[in-house]
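# Notes for the structure review
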Amino acid sequence: FVTGIFHLKVPESSHVGSAIGRIRAVDPDFGKNAEIEYNIVPGDGGNLFDITTDENTQEGVIKLKKPLDFETKKAYTFKVEASNLHLDHRFHSVGPFKDTATVKINVLDMDEPPVFSKPVYTMEVYEDTPVGTIIGAVTAQDLDAGSSSVRYFIDWKNDVDSYFTIDATEGTIATNELLDRESTAQYNFSIIASKVSNPLLTSKVNVIINVLDVNEFPPEISVPYETSVCENAKPGQVIQTVTAADKDLSPAGQRFSFRLSAEASNKPNFTVHDYRNNTAGIETRRNGYSRRQQELYFLPVVIEDSSYPVQSSTNTMTIRVCRCDPDGTILSCNVEAIFLPVGLSTGALIAILLCIVILLVIVVLYVALRRQKKKNTLMTSKEDIRDNVIHYDDEGGGEEDTQAFDIGALRNPKVIEDNKIRRDIKPDTLCFPRQRPPVEDNTDIKDFINQRLQENDVDPTAPPYDSLATYAYEGNGSVAESLSSIDSLTTEADQDYDYLSDWGPRFKILADMFGEEES
């Protein structure tokens, strides 16, 4: 070393890992033999400082391993040893190839920010605590030689911070709004402390506030509120296990107790067995139940918690009586099943009801169609009051039909006198036809028709509209076709009657007659 003592001044605000000074040892060798290795001799500064070799200048670079604090210690003294990195064994006997020097470091006082007494502050407060209640305090100090006062304020980042306030001088934290544990169980925010003498120097600390639960809500039965019991149940049989739920955030070790209400304790139907593990069993007290006598039972169960203040509630359970098999499997709980035979299943009942519904639908449709048909008939008869068209579609039976219309009635007008009432209209009142003069036997048909036409023109009882009668061609659609003379040829000489012999025995006589005339 050039000198045996090195003096260094280091600010207390120096960062860990930064170089705070350099020292140098001189080696007259060159090249590889001139490389030097520096080491701090264990002692005063061994834990706070470190030293490395600068390969370019072969200087020892002193670095900071831990933060310095002027208020804690103002100076440090330690020794540094310098030695050749590469030794030639041939020259070991010449003497030691190393040297030591003393390093004295003076810590310079710097203006530093305040320091909190704790790295994290944790506080507790009960929910619904009145606004303005102090729940804790933070403390920060200026450790510099010229101590300065400290001011506190909350680091506002979100709306959560508005639930609390802090005294700027004392550092006390108080509630600013009512707290609800069921809404927010914990608050986490930061508080900043600054020096009055230099407000730019600040420090920050986290504050955690846990909201303690106040027993506000009574416990309730967890679902389900309805259960069932078999008709063949035995006394002491557990039909349902119930648990409790509490809207409060229950603390560890919370206990719930179960019991029957006072009014239900004397009834011999059911009881509640508290298992003392926050569950209870609903047990039967009778030997069998009957749905015909009572289908539903209502059981009031009282649940109580162990928090302060104690909260309790009465919960009513509905118990339905059901039909079960000998193994306890429920077969039916429907009210309708009470009145059904034992051997009739639900599927059979549904089939019967379906058949009844189908029959009712058929009957309704039949009645509706009948009414519609009747209505249509009446409407058809009244649709047109001007014309009354009568259709005659009867086909004649030929010469052997002796029941057909007798055309002799047209040649005998006296037959017409037998008609008493008109049948083509419905008369408003019963009117008798007026007497007509008798018709002579030798009266021509043309005169007869004209006479009747004139009588009907002046007859007040005659219909005020035309009565049209349509006569279809006789035999239309038959093998013989029409026999009417309306559709015949102009003269009989143009007719060929040979085809009559092909029509069978019924037309044999006719074929012979016309065949003789042609011959």
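Notes on the structure follow. Chains are numbered independently. Their residues run from 1 in the order of the written sequence. Totals for whole chains, interfaces and linings use all residues, but because this is a predicted model, local features are given only for residues with pLDDT of at least 70 and pairs of side-chain atoms are given and counted only at 80 or more. To get the side-chain values, all heavy atoms of the structure are used, and hydrogens and water are removed first.

### Here we look at the nonpolar core
Rules: In plain words, nonpolar cores are sets of buried Ala, Val, Leu, Ile, Met, Phe, Trp, Tyr and Cys residues tied together by side-chain atoms within 4.5 Å. Each residue is assigned to one of three classes by its accessible area relative to the maximum for its type, calculated with a 1.4 Å probe on protein chains only: buried under 20%, partly exposed between the two thresholds, exposed over 50%. Counting from the N terminus, the helices are the DSSP runs of H or I reaching at least four residues and the strands are the DSSP runs of E reaching at least two.
Ranked by size, the top nonpolar core spans 24 residues in total, and within it Phe49, Ile62, Leu68, Phe78, Val80, Val103 and Ile105 carry the most contacts. For this core, the secondary structure elements donating two or more residues are strand E1 (5-11), strand E2 (19-24), strand E3 (36-40), strand E4 (49-53), strand E5 (59-64), strand E6 (75-84) and strand E7 (98-108).

### Re the side chain of Thr129
With respect to the helices and strands, the residue Thr129 is situated in the loop between strand E9 (120-126) and strand E10 (134-137). The class of Thr129 is buried, set by a relative accessible area of 11%.

### Observations regarding a nonpolar patch on the surface
Going by this rule: Patches in this entry comprise residues that are over 30% relatively accessible and not in a salt bridge; like charges within 9 Å are linked, as are nonpolar side chains (Val, Leu, Ile, Met, Phe, Trp, Tyr) within 5 Å. Here the Shrake-Rupley method, with its probe set to 1.4 Å, supplies the accessible areas, and only the displayed protein chains count as covering residues. One side-chain nitrogen of Lys or Arg within 4 Å of one carboxyl oxygen of Asp or Glu is enough to make a salt bridge.
Together, Ile352, Leu353, Ile356 and Leu360 give the surface a local cluster of nonpolar side chains, amounting to about 370 Å² of exposed area. Looking at where Ile356 falls in the secondary structure, it is placed in helix H1 (residues 346-382). On the accessibility criterion, Ile356 (42% relative accessible area) is partly exposed.

### So, the sheet that holds strand E13 (residues 164-166)
Quick reminder of the rule: The pairing criterion for strands is at least two bridges between them, as found by DSSP. Fitted lines through C-alpha atoms give the axes, limited to the stretch in contact for helices. The angle between two N-to-C directions lies from 0 to 180 degrees.
An order of E10-E14-E13 is seen for the three strands of this open sheet, with the pairing classed as antiparallel. Of all strands in the sheet, those bounded by a partner on one side alone are E10 and E13. Neighbour to neighbour, the strand axes of the sheet diverge by 25° on average, direction disregarded.

### Points about the state of the cysteines
For clarity, the cut-off: Here, a disulfide means two cysteine sulfur atoms that sit within 2.5 Å of each other.
In this structure the tally under the stated criterion is two disulfides. The disulfide bridge from Cys230 ends at Cys324, spanning 2.1 Å between sulfur atoms. Taking the sign of the S-S torsion, -85° for the link of Cys230 and Cys324, the bridge is left-handed. Of this pair, Cys230 sits in strand E18 (residues 226-230) while Cys324 sits in strand E24 (residues 312-324), and the two are 94 residues apart along the sequence. Both residues of the pair, Cys230 and Cys324, belong to the buried class. Linked covalently through their sulfurs, Cys322 and Cys333 form a disulfide whose S-S length is 1.7 Å. The sign of the 110° torsion about the S-S bond sets the Cys322-Cys333 disulfide as right-handed. Residue Cys322 is found in strand E24, and its partner Cys333 is found in the loop between strand E25 (330-332) and H1; the two are separated by eleven residues along the sequence. When the bonded cysteines of the protein are numbered from the N-terminus onward, they pair as 1-3, 2-4.

### Describing the sheet that holds E2
Here three strands make up an open sheet; going across it, the order is E2-E5-E4 and the pairing antiparallel. At either margin of the open sheet sits one strand with a lone partner, and together these are E2 and E4. On average, each strand axis in the sheet is tilted by 25° relative to the strand beside it, whichever way the strands run. Relative to E5, E4 runs antiparallel, the two being bridged by five bridges. Residue pairing in the sheet places Asp50 in a bridge with Lys63 of E5.

### Considering helix H3 (residues 445-457)
The cut-off we apply is this: In a helix, the anticipated span is given by 1.5 Å times the number of residues less one. Read the arc as the range of directions from the helix axis to the C-beta atoms.
Helix length check: H3, at 13 residues, gives a terminal C-alpha distance of 18 Å against a target of 18 Å (1.5 Å per residue), a fit within 8%. Burial in H3 covers these residues: Phe448, Arg452 and Glu455. Each buried residue of H3 sits inside an arc of 60° when the element is viewed along its axis, so together they form one side. Of the residues in H3, the exposed ones pointing more than 90 degrees away from the buried face are Lys446, Ile449, Leu453, Gln454 and Asp457.

### Topic: the environment of Leu260
Structurally, the position occupied by Leu260 is in strand E20 (residues 256-260). Sequence-wise, Leu260 and Asn315 are 55 residues apart; in three dimensions their C-alpha atoms are separated by 9.7 Å.

### Observations regarding the side chain of Thr279
Quick reminder of the rule: We call two residues in contact when some of their heavy atoms are within 4.5 Å.
Tracing the sequence through the fold places Thr279 in strand E22 (residues 279-284). In this view, Thr279 contacts Thr241, Val242, Thr243, Phe258 and Asp274; residues no more than four positions away in its chain are not counted.

### Re unusual backbone geometry
With glycine set apart, most residues show a phi of negative sign, and most peptide bonds adopt trans. Not every positive phi belongs to a glycine, and Asp128 is a case in point at roughly 65°. Inspection of the secondary structure assignment puts Asp128 in the loop between E9 and E10. Even without glycine at this site, Arg276 takes up a positive phi of about 60°. Looking at the secondary structure, you find Arg276 in the loop between strand E21 (270-274) and E22.

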